[in-house]
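So the chains spell out like this:
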Amino acid sequence: MMAAAQDGPLYLGFDFSTQQLKVVAVDGNLSVVHQDNVQFDSELPEFRTQGGVHIHADKLTVTSPVLMWVKALDLLLDKMKKAGFDFSRVIGLSGSGQQHGSVYWRRGASETLKQLDPNRDLHHLLRDSFSVADAPVWMDSSTGHQCQDLQAAVGGPRRLAEITGSRAYERFTGNQIAKVRHTQPESYQHTERISLVSSFAASLFLGDYAAIDFSDGSGMNLLDIRSRTWSEVCLDAVAPQLDRLLGAPLPSTSVLGGVSSYWVRRFGFSERCRVVAFTGDNPASLAGMRLQDGDIAVSLGTSDTVFLWIQEPRPALEGHVFCNPVDWRAYMALLCFKNGSLTRERIRNRSAGGSWERFSATLRETPLGNGGNIGFFFDTMEITPPAVGVHLFDSGDKQVSSLSPQVEVRALVEGQFLSRRLHAERLGYSIIPGTRVLATGGASSNKEILQVLSDVFNAPVYTIDLSNSACLGSAYRALHGLAAESGLSFFDAVKKASNPQLAATPHPTAQEVYAPMLKRYALLEERVLQEPRL
Ligand code: ADP
Ligand code: XUL
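Just so you know, these numbers come straight off a predicted model, no measurement behind them. (Residues numbered from 1 in each chain as written. Chains lettered and ligands numbered in written order. Predicted model: local features only at pLDDT ≥ 70, side-chain atom pairs only at ≥ 80, totals over all residues. Heavy atoms only, no water.)

Colleague: Sorry if this is basic, but what is going on with empty space enclosed by the protein here?
Modeller: Sizing a probe to match a water molecule and rolling it over the atoms shows the empty space that remains. Enumeration over the complete set of coordinates arrives at one cavity of 30 Å³ or more. Size it by volume and the largest cavity reaches roughly 60 Å³. For the largest cavity, the full set of lining residues is Asn339, Gly375, Phe376, Phe377, Phe378, Glu382, Leu412, Gly415, Gln416, Arg420 and Tyr521. Partitioning the lining of the largest cavity into residue classes produces five nonpolar, four polar and two charged. (1 Å grid on protein atoms, 1.4 Å probe; cavity = no way out; pocket = protein on both sides within 12 Å on 5 of 7 lines; lining within 4 Å. Points joined across faces, edges and corners; volume = space filled by probe spheres on them. Nonpolar A, V, L, I, M, F, W, Y, C, P; charged D, E, K, R; others polar.)

Structure (structure tokens):
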């Protein structure tokens, strides 16, 4: 058993997320045998990011340096090598990226990718390969005009949602591409390929441009999610001949090819090692949690997201429908909340002395329902709902200017989860007996936060061993991608993985407290949305 584990095949999953690059390796039994990460802010300080991004002076434009991601990969692989990781055992790799971000490859970059010198770091080799140095990322909300133009060209928000699964959203890649084309025409002219963060990362391993997969491609406002081809009307509205810059999209389970000779010669990868299409971090998390129809996933990372497995797409004006990453016939619905972990960190620093322990103790010591106090904490322009600012209310629905530190901590966490539940229900999702809430992301390691989640949703909360389900899901997808060619389903391919563990069950009074509070929250949200934006 031991001997087999020490020389059997391995699968790697990478996650190019907002604040860090992570990797896990699993063996054929789906046990995690290695994990590592590179934090952008602290380990690559030369790029001067905060939370992995640059927020520009207009506060709306948000970008990350592409070369930072490349350098992070150099660093991560070096760390693995130093740790004695045996790359020759890896027979499949895949990965995920923060969704919606776009990478612009300069003319000639494909030739560079094909002839990478194994004696040098990638970030030296690719220094001149990007026509836009600062990649727009999902936190950007600067493309309001482009969104209006796209919706007008297609026949309105509802029509756009019908085709692409979402009305126009500022962070969606088509609108970002339209902005780059207008604001940086020269750079756009010099671009030979546009990748998502996921397909950009896959390209580094492949030594060639990697296809965009159907699932992450659904976050662009460009893909027809039913025919799984680019929508001509959407492409035409964004830029002429955009299909040439994007390449044809492929199923998320596709094997794209082998790793390039750079990886074989520099790190000792096997020539047999295959690259399976990379996808978005949320789709990859769905795979990592082995989410099933009826479950609800709540991801608590830089962004908070809520997602579900759905059979039939019924796109609405709120939320998104993506092609499913593990079953090409199915779909997933997703809601994204921009003010997630970074807002929790701000309130932790302000009201809990900068310590998660004190933050958690406060949640333990304060009552369910928080004495009727409710808070909305939209530090930056929220996506769901589109509102900004901090709005606090007492038990009589009177707006107040501050709360005590203890009440503030609970108001933040309860408010966040009331919002997640309210908007999930509006999407048509209802909690019935037997519903499992599967939690993941950095904050899912916090038991007290999970208890509030369980109480507000009045449902049991489960976690998987690894809080980074996107990374794990990428390793699972690598394994499945290799097996999928013989027709094996994703769930059959990963059936040996350990089951999610129960982390919290709702307090007996949870329903009594939160059912009326949810109604109040919905009414107060209406009020917040009507307030003028300063
Ligand atoms: P991403 O993948 O978006 O980069 P992660 O899912 O790794 O982010 O989550 C990172 C976040 O996890 C950090 O910003 C931090 O706020 C949060 N986090 C880490 N530990 C805890 C904890 N004990 N309690 C609450 N939040 C935590
Ligand atoms: C999803 C979204 C974020 C990013 C970053 O639509 O914008 O969740 O994928 O994690």
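Read on, since the account is not over.
Colleague: Please clarify how the packing of aromatic side chains should be interpreted in this entry.
Modeller: Describing an aromatic ring pair means giving the distance of the ring centres and the angle of the ring planes. Inspection of the entire model under this criterion finds 22 aromatic pairs. Between the aromatic rings of Phe14 and Phe205, the centroid separation amounts to 4.9 Å while the plane-to-plane angle is 35°, which identifies the pairing as tilted. Of this pair, Phe14 sits in strand E1 (residues 10-16) while Phe205 is found in helix H10 (residues 197-206), placing the two residues 191 residues apart along the sequence. Assigned by exposure class, Phe14 and Phe205 land together as buried. Members of the aromatic cluster, connected to one another through ring pairs, are Phe14, Phe85, Phe87, Phe205, Tyr262, Trp263, Phe267, Phe269 and Phe278. Between Arg436 and the ring centre of Tyr462, over which it is positioned, the NZ or CZ distance is 5.7 Å. (Phe/Tyr/Trp six-rings, centres within 6.5 Å; stacked < 30°, edge-to-face > 60°. Helix = DSSP H or I, 4+ residues; strand = E, 2+ residues; numbered from the N terminus. Buried < 20%, exposed > 50% of the residue type's maximum accessible area, 1.4 Å probe, protein only. Lys NZ or Arg CZ within 6 Å of the ring centre and 35° of its normal.)

Colleague: It is not clear to me how the pattern of salt bridges should be interpreted in this structure. Could you clarify?
Modeller: Two side chains bearing opposite charge may form a pair once their charged atoms approach each other closely. Tallying each qualifying case throughout the model produces 16 salt bridges. Taken together, the shared-partner salt bridges in this structure form one network comprising Asp304, Arg344 and Arg420. (Salt bridge = Lys/Arg side-chain N within 4 Å of Asp/Glu carboxyl O.)

Colleague: Help me out: how do you make sense of the pairing of strand E3 (residues 32-39) in this one?
Modeller: Across a regular strand the side chains alternate sides, sitting on one face of the sheet and then on the other. Pairing between strand E2 (residues 20-27) and E3: seven bridges, direction antiparallel. Note that in E3 the partner of Gln20 across the bridge is Gln39. Between the end of E2 and the start of E3, which pair antiparallel, lie four residues, with Leu30 showing a positive phi angle near 70°. (Pairing = 2+ DSSP bridges.)

Colleague: Hey, could you run me through the sheet that holds strand E4 (residues 54-55) in this one?
Modeller: Working definition: the strands of a sheet are paired by backbone hydrogen bonds and lie parallel or antiparallel to each other. As summarised here, the arrangement of the three strands in space is E4-E5-E8, forming an open sheet in which the pairing is antiparallel. A strand with exactly one partner marks an edge of an open sheet, and here the two such strands are E4 and strand E8 (134-136). Of the strand pairs in this sheet, strand E5 (residues 62-65) and E8 are connected by three bridges, and their pairing is antiparallel. Counterpart to Pro65 in the pairing with E8 is Asp134. Its contacts with the sheet put helix H3 (residues 66-82) on E5 and E8, and the angle it makes with E5 is roughly 40°. (Contact = heavy atoms within 4.5 Å. Axes fitted to C-alpha atoms, helices over the stretch in contact; angles between N-to-C directions.)

Colleague: For this particular structure, what's the right way to read the layout of surface pockets?
Modeller: As a volume, the largest pocket reaches approximately 720 Å³. If you go around the largest pocket, you meet 36 residues; those closest to its centre are Lys22, Gly301, Thr302, Gly441 and Gly442. Mapped onto the lining of the largest pocket, the elements with two or more residues apiece are E2, helix H15 (281-288), strand E18 (331-337), helix H16 (341-351) and helix H20 (469-484). Sort the elements by how many residues they give to the lining of the largest pocket and H15 lands first, with three residues. For the lining of the largest pocket, the class distribution of residues is seven nonpolar, 24 polar and five charged.

Colleague: Sorry, what's going on with the domain arrangement of the chain here?
Modeller: When the parts of a complex come together, some accessible area is lost, and that lost area is often used as the size of the interface. Looking at the chain, the domain boundaries give domain 1 (10-283) and domain 2 (290-465 + 500-534). Computed from C-alpha atoms alone, the centre-to-centre distance between domain 1 and domain 2 is 28 Å. Each partner contributes residues to the interface: domain 1 has 30 residues there, and domain 2 has 26 residues. Here domain 1 meets domain 2 over a buried area of about 2,400 Å², counting both sides, of which 58% is carbon and sulfur. If you look at where domain 1 meets domain 2, you find zero salt bridges. Where domain 1 touches domain 2, the interface holds 15 residue pairs in polar contact (both at pLDDT 80 or more). Among the secondary structure elements, those contributing two or more residues to the side of domain 1 that touches domain 2 are helix H7 (157-164), helix H11 (214-217) and H15. When its residues are assigned to classes, the side of domain 1 that touches domain 2 shows ten nonpolar, 14 polar and six charged. (Domains from an automatic or database assignment. Buried area = accessible area lost by both parts, 1.4 Å probe. Polar contact = N/O pair within 3.5 Å; in protein donor to acceptor, adjacent residues only side chain to side chain.)

Colleague: So what exactly am I meant to see when it comes to the site of ligand 1 here?
Modeller: Taken together, 16 residues sit near ligand 1, with Ser17, Lys22, Thr302, Glu345 and Gly442 positioned nearest. At 2.5 Å from an oxygen atom of ligand 1 is found a side-chain nitrogen or oxygen belonging to Glu345. Between Gly442 and ligand 1, the recorded distance is 2.9 Å, taken from a backbone N or O atom to an oxygen atom. In isolation ligand 1 offers 580 Å² of accessible surface; the protein chains occlude 80% of this area. Taken atom by atom, the bulk of ligand 1 overlaps the largest pocket. Breaking the shell around ligand 1 down by element, the ones donating at least two residues are E2 and H16. Among the residues making up the shell around ligand 1, the classes are represented as three nonpolar, eleven polar and two charged. (Near = heavy atom within 4 Å. Areas by Shrake-Rupley, 256 points an atom, 1.4 Å probe, with all protein chains shown as cover. Sits in = over half its atoms within 2 Å of the grid points.)

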